[in-house]
Amino acid sequence: MRTVLFAIAFASILLSGSPGDLDEAVEESIRLKEIPGAVLWVGKLGAGGKPEVLHSKAYGNRALVPAVEPMTMDTMFDAASLTKVVATTSCVMKLFEQGKIRLNDPVTRYLPEFQGGKSEITVRHLLTHYSGLRPDVDLKPAWSGYETGIQLALIDKPVAGPGETFLYSDINYLLLGEMVRRLSGKSLAEYARETVFDPLGMQDTMFQPPEGLLGRIAPTERLNGSGAPLRGVVHDPTTRYMGGIAGHAGLFTTAADLAKFAGMLLGEGASSGDRIFSAAVVRKFTTPQSPADRMMIRGLGWDMDTRFTANRGELFPLGGFGHTGFTGTSMWMDPVSRTYVILLTNSVHPRVIGPISSLRSKVATIVAAQAGYEQPGAYLSGYNETMAGARRRVARNGEVLTGLDVLVKEKFARLSGKRVGLITNHTGFSRDGKRNVDLMLESGVRLTALFSPEHGIAGVEDHENVGHARDAAGIPVYSLYEGKNRRPSKDMLRNVDVLVFDIQDMGTRFYTYMCTMLYAMEEAARHNISFLVLDRPNPLNGVQVEGPMLDTDLESFVGCYPLPLRHGMSLGEIAKMAQGERGWSTPVDVVKMEGWQRGDWWDSTGLVWVNPSPNMRSLQAALLYPGVAMLEYWRDYSVGRGTDAPFEQIGADWMDGRRLAAYLNSRKIAGVRFHATRFQPTASNFAGKTVEGVRLLITDRDQFSSSQLGLELAAGLLRLFPGRSKLEVNQKLIGNWAVMAALEQGEDPRVILERERARLEAFLGIRTKYLLY
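Residues numbered from 1 in each chain as written. Predicted model: local features only at pLDDT ≥ 70, side-chain atom pairs only at ≥ 80, totals over all residues. Heavy atoms only, no water.

Draft legend 1. Quick peek at the packing of helix H17 (residues 706-720) against helix H19 (residues 737-744). Taken N-terminus to C-terminus, the directions of H17 and H19 make an angle of 35 degrees; their axes are 9 Å apart at the nearest point. Note that H17 runs across H19; the crossing there is right-handed. Mapping the contact onto sequence places Leu711, Ala714, Ala715 and Leu718 in H17 and Val739, Leu743 and Glu744 in H19. Within the contact of H17 with H19, the residues separate by chemical class into six nonpolar, no polar and one charged. (Axes fitted to C-alpha atoms, helices over the stretch in contact; angles between N-to-C directions. Helix = DSSP H or I, 4+ residues; strand = E, 2+ residues; numbered from the N terminus. Left-handed = near helix turned anticlockwise from the far one by under 90°. Contact = heavy atoms within 4.5 Å. Nonpolar A, V, L, I, M, F, W, Y, C, P; charged D, E, K, R; others polar.)

Structure (structure tokens):
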């Protein structure tokens, strides 16, 4: 779904430093008795996808009791939770590729008896560990048998709502393993062997290894501290009780086999010329798929950026993926350098001592350092991936030149000899504060007509009938917001060769300046007039994209193109997309900004904030606006218009602020908190009347989802104050029939957004073609 936005120079094929650094790190861990031994395998895909071994070595011993045995490269290890990704996730990938499983389907579609047949937990929630299920099933009283273990997983009660929190759970993969069995008609072991292990030549990877291989298997723990250690028998007790095959543990493997597997994933599904998975499926599973408003980032099965990601080390960039196993196994893959690190130990032999996070981190850091990573200016080290792309974690101080500034640098050459119509308002000024109108006239541009959007040329009108006017320079100003008129007429365009658009947008689908632009483009196409967009930043950054998508039969002036609520695009990009996708014949050109990066919020641009409309008074209001204003067509509901904090508070004469704030805070919506308040609007709804409501406080804008806020507000108001207002009044703002129906039915907003993900992904695929930055 997402493209990794990292530009990194990989300067060397082989490790540039001494392998002794790796040797020292592993051998120190052995000396400290953290591990008895290890096998370390570092490799990469070279030119043409050819696998290259950068480092491979066996260290120490694979057994200490009952007799000491040296570690060998062909030692087989109890993979523990690597089973989740190497076996179970791979099988789910194949079923997904074959169309037999859908990520946003409820688990009950495939396991009808799960939670008594009623649950909003989806396949995606299981794969990303956002289901809310407990870490494991109960082991006491003692039980045995595969069917018993599955039954316990099917009835285990969640401790959190789906999508609410990251909770690493073996139960998730018990259930996924059972899905594989039911959908394939084969055991997980058989299906994994048939679809993944045999095609890759992973002959030493299996469940329930035969007795003839015991001599090569690294033993694990002595149960109860005495007797012979487990050897060839899975260490995980749940899997052991189930007979050795389960979705979360039970696999045995070698470093060489895992190297083949890692190479296949880094080759986007191809290995030695053979295709095991489609490239699209591999990308889907190895890019962020967890809820966009949650801090713990997971792929489908794979760990990407959570508290368990020590095996990435401190130099590999965000965007890689890997996993660890309790017995001491781990692997990490970096798609930028196409490097992988496989570290296999049996750290639980002869007894469990503790995690080996420090060793994993050291090894990965040394590999990344020795592999020749450089970090030039293009390396976006402050980014991580989210639902819609990269997200900046630390704001920068930039100096952005808008399209107008660039056009000034070009001395308005693109407008030479043309009669120009300018669609603008008070936001159309240069970096040094000069009006676009004045700059054009001073440069000799033949400016024949001005066109103003909602709120008029000065941006102060707050009503539905803005009249025509005349600018101080004597140029006629035609209103594109007069009565029902939203388009420039043929008569208005009579003396125009090119329409220029220069207005600051707010990055939200129903903020009307975008539709003023698109309607004007459509009219320009009708009258064979060229169109030029002077691009400006999306103040909410250009990477966060949030549904719901707009249904085409709900298009209107507050949503005239099928976009998600937050589109993460500049108006120049939207103009190019609309032209390309709708086949408009008019020439559309964009004067691109200089110095803008997609992760920039407004405060990173170095530009001056001017209220783009009377009630849009701050960046915080702009961020809250998509969610809060989603419901503002309710006439007995205030979004704070006519107060000192529009869009930062909501209220009504029927609202219990304390009750609503408590409910919303209990929902644990990332990046925002709520408290009860009272306010008296001087205009708009409830003018002159004191109402109660809630005030919204952004606590982490990078984690905050405007869309989730809007759906949570709607769900909370419908639940706490039933019958007060009909949701359909806001249908053109919400813009999605399925979302409105789900809200009316009381569905969880997180589940609703997950269900919308497929449409959002389809949009992202189209959007990518038109991104200019």
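Now that the structure is up, let's keep going.
Draft legend 2. Just the pattern of salt bridges, in detail. Counted according to the given criterion, the structure contains 53 salt bridges. The salt bridge involving Glu178 is made with Arg181; its shortest N-O contact spans 2.7 Å. Of the two residues, Glu178 and Arg181 are both situated in helix H5 (residues 170-184); the distance of three residues between them amounts to about one turn of the helix. Relative accessible area serves as the criterion here: at 1%, Glu178 is assigned to the buried category. (Salt bridge = Lys/Arg side-chain N within 4 Å of Asp/Glu carboxyl O. Buried < 20%, exposed > 50% of the residue type's maximum accessible area, 1.4 Å probe, protein only.)

Draft legend 3. Here's a closer look at the packing of helix H13 (residues 513-526) against helix H14 (residues 571-582). Where H13 contacts H14, the two axes come as close as 11 Å, and the packing angle between them is 40 degrees. Comparing their axes, H14 and H13 come out oblique. Considering how the two elements wind past one another, H13 and H14 form a crossing that is right-handed. Along the contact surface, H13 presents Met514, Met517, Leu518 and Met521, while H14 presents Leu571, Ile574, Ala575, Ala578 and Gln579. Residue classes in the contact of H13 with H14 are distributed as eight nonpolar, one polar and no charged. (Parallel < 35°, antiparallel > 145°, perpendicular 65-115°, else oblique.)

Draft legend 4. Focus on the nonpolar core. Judged by nonpolar contacts, the single largest core of 109 residues is most densely connected at Leu499, Met517, Leu518 and Phe531. Of all the elements, H13 adds the most residues to this core, at 10 residues. Sequence-distant contacts of Leu518, that is, excluding residues within four places in its chain, are made with Cys560, Tyr561, Ile574, Ala578 and Trp584. Residues Trp41, Val196, Ile276 and Met304 belong to the second largest nonpolar core, which totals 74 residues. (Core = buried A, V, L, I, M, F, W, Y, C linked by side-chain atoms within 4.5 Å.)

Draft legend 5. Representation of unusual backbone geometry. At the junction of Lys140 and Pro141, the peptide bond is cis and its omega measures out at 0 degrees in the coordinates. Within the fold, Pro141 resides in the loop between helix H3 (123-128) and helix H4 (146-155). The residue after Gly547, namely Pro548, is reached through a cis peptide bond having omega 10 degrees. Residue placement: Pro548 occurs in strand E24 (residues 546-549). Here the phi dihedral of Asn528 falls at roughly 60 degrees; this positive angle occurs in a residue that is not glycine. Within the secondary structure layout, Asn528 lies in the loop between H13 and strand E23 (530-534). The phi angle at Phe647 is positive, at roughly 70 degrees, despite the residue not being glycine. Relative to the elements of secondary structure, Phe647 occurs in the loop between helix H15 (619-628) and strand E27 (649-652).

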